[in-house]
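So you can see what is in the structure, the chains are spelled out below.
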Amino acid sequence: MEPSPTARTGDTGVIRAASLRGLVPLVEALGGRPEELLERFGIPVDALTRDDGLIPITTHDLMLDTAAEELGCPDLGLRLAEGQDLSVLGPLAVAIEASESVGEALGLASRFLFVHSPALHIGVEDDPRGARGVVAVTYRKSLRESPYSPQATELGIALLHRISVALLGESTGLRSVELPHPPLSPVSRYIEHFGVDVRFDGTVAALRVDHHVLDRTFADADATIRQVTLDHLTREHPRPDLQVAVRVRRALADGMGTAPASLAHVARVLGVHPRTLQRRLVAEGTSFDVILDDVRRTAATHYITATDIPFVQVAALIGLSQQSALSRAVRRWSGMSPRELRRTGPTVSS
């Protein structure tokens, strides 16, 4: 799969290469060949030496799920998180460390996590189990941007737990951990890792914590550093939802397979003239055709690797008239045929 080594305006389905920190030695320790694994998924090995390099999040997640299965390591995501820390989040880590309280740190993470990946979201929500005095610190991926990945979800929630322990010590107020999928490893492995009860097949990945933890303050809070960092983040990383390219991407994703995938149709949905829309996309360094191709790639990868839908139907679902067009597109995106790509994916379900 073709990587995205540099940022593209409106490319919301990406994640910083820092997310794979520690992958190479881990794969080697498991007896695998990291260079071959990365090459198969179109990720240059040197991309992992640049934390700010961007990788398609679908590629990132599919590679983790595939590596876990092929290397016989069902706890790959947990192991990878054990070698990471807050610095994975780059400049956002500085603002979090300078925050005055846990609540403020979570607010900053929620506001600026798009710098790490626009497809990921952290929030504080009501307890999914309805316990009084308990809240859920949730970790979500936009399934409109990329298919669900069990290994990537475990990596994300385990890293969130590691960060909380680093900031709060053992007094995290953690009640339990929620995961939306069945256990990938023995349940004892999860309890060993998190130190609390872990519950599966829930509605969201989350850390359930005592509400009063949000009011905990940090002795090392520094308002000046926090403000300087926030100014930098705001200046250098505009919110994705303010970009025309992102609005186009979402309009295409929402109508994929049911509405015309044309510039004229999307312009009508967004209430602008087609020529105006095209000019705005050019000003943001992209084009309608580039965005459409990437939206189709994300959708096709999901249907091919995570379902058993026939390829002729996959072609129709992503707005291609013939299966042969799908085969050519998949070959261009991944270097594989649709059948070969399906074999690399997780266990399929209709």
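Residues numbered from 1 in each chain as written. Predicted model: local features only at pLDDT ≥ 70, side-chain atom pairs only at ≥ 80, totals over all residues. Heavy atoms only, no water.

## Overview of the pattern of salt bridges
A side chain with one charge can pair with a side chain of the opposite charge if their charged atoms come near. Note the threshold: What counts as a salt bridge is simple: a side-chain nitrogen of Lys or Arg found within 4 Å of a carboxyl oxygen of Asp or Glu. Counting from the N terminus, the helices are the DSSP runs of H or I reaching at least four residues and the strands are the DSSP runs of E reaching at least two. For every residue, the accessible area obtained with a 1.4 Å probe (protein chains only) is divided by the maximum for its type, and the residue is called buried under 20%, exposed over 50%, and partly exposed between those limits.
Tallied over the entire structure, the rule returns 22 salt bridges. In this structure, the salt-bridge partner of Arg40 is Glu70, at a minimum N-O distance of 2.9 Å. Of this pair, Arg40 sits in helix α2 (residues 34-40) while Glu70 is found in helix α3 (residues 57-70), placing the two residues 30 residues apart along the sequence. Overall, the relative accessible area of 31% leaves Arg40 in the partly exposed class. Taking the shortest distance from any N to any O, the salt bridge between Arg129 and Glu178 comes out at 2.6 Å. Taken together, the residues Arg129 in the loop between β3 (120-126) and β4 (134-141) and Glu178 in strand β5 (residues 174-178) connect sequence positions 49 residues apart. In this structure Glu178 comes out as buried when scored by relative accessible area, which is 3%. A single salt-bridge network, built from bridges that share partners, covers Asp75, Arg79, Glu82, Arg189 and Glu192.

## Structural notes on empty space enclosed by the protein
Selection criterion: A cavity here means a set of 1 Å grid points, computed over protein atoms only, where a 1.4 Å probe fits but cannot escape. A pocket is an open set with protein on both sides within 12 Å along at least 5 of 7 lines, and lining residues have an atom within 4 Å of a point. Grid points are joined across faces, edges and corners, and a volume is the space filled by probe spheres set on the points.
Counted according to the given criterion, the structure contains four cavities of 30 Å³ or more. Here the largest cavity defines a volume of roughly 550 Å³. Together, 40 residues line the largest cavity, and Ile122, Leu159, Leu160, His161 and Ile163 are the ones closest to its centre. Put simply, the parts of the chain that give the lining of the largest cavity at least two residues each are α3, α6 (102-112), β3, β4, α7 (150-168) and β7 (205-210).

## Details of the sheet that holds β5
Under the convention used in this document: Should DSSP find at least two bridges between two strands, the strands are taken to pair. Helix axes are fitted to C-alpha atoms over the stretch in contact, other axes to C-alpha atoms as well, and angles between N-to-C directions run from 0 to 180 degrees. We call two residues in contact whenever any of their non-hydrogen atoms come within 4.5 Å of each other.
Across the sheet, which stays open at both edges, the five strands sit in the order β3-β4-β7-β5-β6 with mixed pairing between neighbours. Lying at the two open borders of the sheet, with one neighbouring strand each, are β3 and β6 (197-199). Each strand axis lies, on average, 20° off the axis of its neighbour in the sheet, ignoring direction. Strand direction decides the pairing type here: β4 and β7, joined by six bridges, are antiparallel. Paired with Thr138 across the strands is Ala206, a residue of β7. α7 contacts β3, β4, β5 and β7 of the sheet and is inclined by roughly 25° relative to β7.

## Overview of the pairing of β5
How we decide: The crossover handedness rule: strands pointing away from the viewer, path from first strand over the helix to second strand clockwise, crossover right-handed.
A large share of β5 lies buried, amounting to four of its five residues. Across four bridges, β5 lies against β7 in antiparallel orientation. Note on β7: the bridge partner recorded for Ser176 is Arg208. Summarising the sheet, β5 and β6 pair through three bridges and their orientation is parallel. Bridge pairing in β6 links Ser176 to Asp197. Running through helix α8 (residues 187-194), the crossover from β5 to the neighbouring parallel element β6 is right-handed.

## Quick notes on the packing of aromatic side chains
The test is simple: We call Phe, Tyr and Trp rings a pair once their centres come within 6.5 Å, taking the six-membered ring for Trp, and we label the pair stacked below 30 degrees between planes, edge-to-face above 60, and tilted otherwise.
Scanning all chains against the criterion turns up two aromatic pairs. Where Tyr190 meets Phe200, the ring centres are 5.0 Å apart and the plane angle is 75°; that geometry is what we call edge-to-face. Here the residue Tyr190 occupies a position in helix α8, and Phe200 occupies one in the loop between β6 and β7, the gap between them amounting to 10 residues. Accessibility expressed as a relative area gives 17% for Phe200, which makes it buried.

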